[in-house]
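Chain and residue survey
So the chains spell out like this:
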Amino acid sequence: MEIINKSHILLAEKNIRPFFERDHSGHDWDHIQRVRRTALFLCEKEGCSNFYTVDLIALLHDAGDVKLHPDENKAEQALKDAVLSIGLSGQLYEDIITAVQSVSFNGGNEKPLPSLEAAIVRDADRLDAIGAIGIARAFAYGGAKGAKLYDKDVMVRQTMSEKEYRAAPAATINHFYEKLFKIKDLMVTEAGKKEAIKRHKVMKSFVEQFLIEWKGQG
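Residues numbered from 1 in each chain as written. Predicted model: local features only at pLDDT ≥ 70, side-chain atom pairs only at ≥ 80, totals over all residues. Heavy atoms only, no water.

So, the packing of helix H1 (residues 6-21) against helix H3 (residues 51-60)
This is how it is decided: Axes here mean lines fitted to C-alpha atoms, for a helix over just the part in contact, with angles spanning 0 to 180 degrees between N-to-C directions. Segments assigned H or I by DSSP are reported as helices when at least four residues long, segments assigned E as strands when at least two residues long, and all are numbered from the N terminus. Our angle categories are set so that under 35 degrees counts as roughly parallel, over 145 as roughly antiparallel, 65 to 115 as roughly perpendicular, and the remainder as oblique. Contacts are assigned to residue pairs that have any heavy atoms within 4.5 Å of one another. When residue character is reported, Ala, Val, Leu, Ile, Met, Phe, Trp, Tyr, Cys and Pro are called nonpolar, Asp, Glu, Lys and Arg charged, and the others, Gly included, polar.
Between H1 and H3, the least distance of the axes is 10 Å, while the angle of their chain directions is 10°. One element, H1, and the other, H3, form an angle in the roughly parallel class. Taken together, the residues of H3 that come into contact with H1 (itself represented by Lys6, His8, Ile9, Ala12, Glu13 and Ile16) are Tyr52, Asp55, Leu56, Leu59 and Leu60. Taken together, the residues of the contact of H1 with H3 break down into 7 nonpolar, 1 polar and 3 charged.

Here's what the structure looks like:
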């Protein structure tokens, strides 16, 4: 039986919404809402009955993202505070923390998935990073960090440490090769894999056209 209930969801919404409404990097409240909707869609497709648990993990999935905090310690504490603020404690507190921490990409250095619910939210979060929305978010984040659109002299990094991944990208187009084009093959759920294929094609077409236009060609 699922332990998370509607009251936890409502309290989490109330407590974290103000923080994410101040974001302009593509990790805003709208992103949280899209991930929630996609996660619940995948939850249904995958036959997972723990809708409230999936919804809560989706709500909290960026609460401890170091990109949104001054350093790792403050990011970790922000996540713990968010989980505590909705009244979770003991093993349930630990389980939600572990699930949320397994969602992040971390330059491809992600943590093991502890449950189907965490896998669903990770796939939903990654789907929001690709396709048409993913393109828009990539440039929003690059602009917020002062990254150039493209620089032919900046090499694409084939592997990255978590620290390197967290650093501001030198050029947004590189981000497609360093992360976004890899996501299709990192999906876990069957429903997520199918959707990722469609969104991947959208990005590939966009980047191909971008590079044509960058060269001044028609």
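A short note on the packing of aromatic side chains
Each pair of aromatic rings is reported with the distance of its centres and the angle of its planes. Which entries qualify depends on this criterion: Aromatic pairing here means that ring centres of Phe, Tyr or Trp (its six-membered ring) are within 6.5 Å. Orientation follows from the plane angle: under 30 degrees is stacked, over 60 is edge-to-face, and everything else is tilted. The buried label applies to any residue whose accessible area, calculated with a 1.4 Å probe on protein chains only, is under 20% of its type's maximum; exposed applies above 50%, and partly exposed to all values in between. Charges are assigned to positions over rings by a cutoff of 6 Å between ring centre and Lys NZ or Arg CZ, combined with an angular limit of 35 degrees from the ring normal.
Tallied over the full model, the rule gives 11 aromatic pairs. Judged by centre distance (6.3 Å) and plane angle (85°), the ring pair of Tyr150 and Phe210 falls under edge-to-face. With a gap of 60 residues between them, Tyr150 in the loop between helix H7 (131-144) and helix H8 (162-166) and Phe210 in helix H10 (residues 190-214) connect regions that are remote in the sequence. We classify Tyr150 as buried; its relative accessible area is 18%. Owing to a relative accessible area of 14%, Phe210 belongs among the buried residues under this scheme. Their ring planes at 20° and their centres at 5.7 Å tell us that Phe210 and Trp214 sit as a pair that is stacked. One end of the pair, Phe210, and the other, Trp214, are both in helix H10, 4 residues apart, so they sit about a helical turn from each other. Take Trp214: its relative accessible area is 45%, and that puts it in the partly exposed class. One aromatic cluster is present, built from ring pairs that chain together Phe139, Tyr150, Phe176, Tyr177, Phe181, Phe206, Phe210 and Trp214. Positioned over the ring face of Phe181 is Lys204, at 4.7 Å from the centre of the ring.

Comments concerning the layout of surface pockets
For the record, the criterion: Residues are called lining when one of their atoms sits within 4 Å of a cavity or pocket point, these points coming from a 1 Å grid over the protein atoms alone, where a cavity is a set in which a 1.4 Å probe fits but cannot get out and a pocket is an open set with protein on both sides within 12 Å along at least five of seven lines. Grid points are joined across faces, edges and corners, and a volume is the space filled by probe spheres set on the points.
In this structure, the second largest pocket encloses a volume near 210 Å³. Lining the second largest pocket are 14 residues, and of these Thr53, Leu92, Asp95, Ile96 and Glu117 sit closest to its centre. Of all the secondary structure elements, the ones that give two or more residues to the lining of the second largest pocket are H3 and helix H5 (90-101). Per element, the largest residue contribution to the lining of the second largest pocket is 5 residues, and it comes from H5. For the lining of the second largest pocket, the class distribution of residues is 7 nonpolar, 4 polar and 3 charged.

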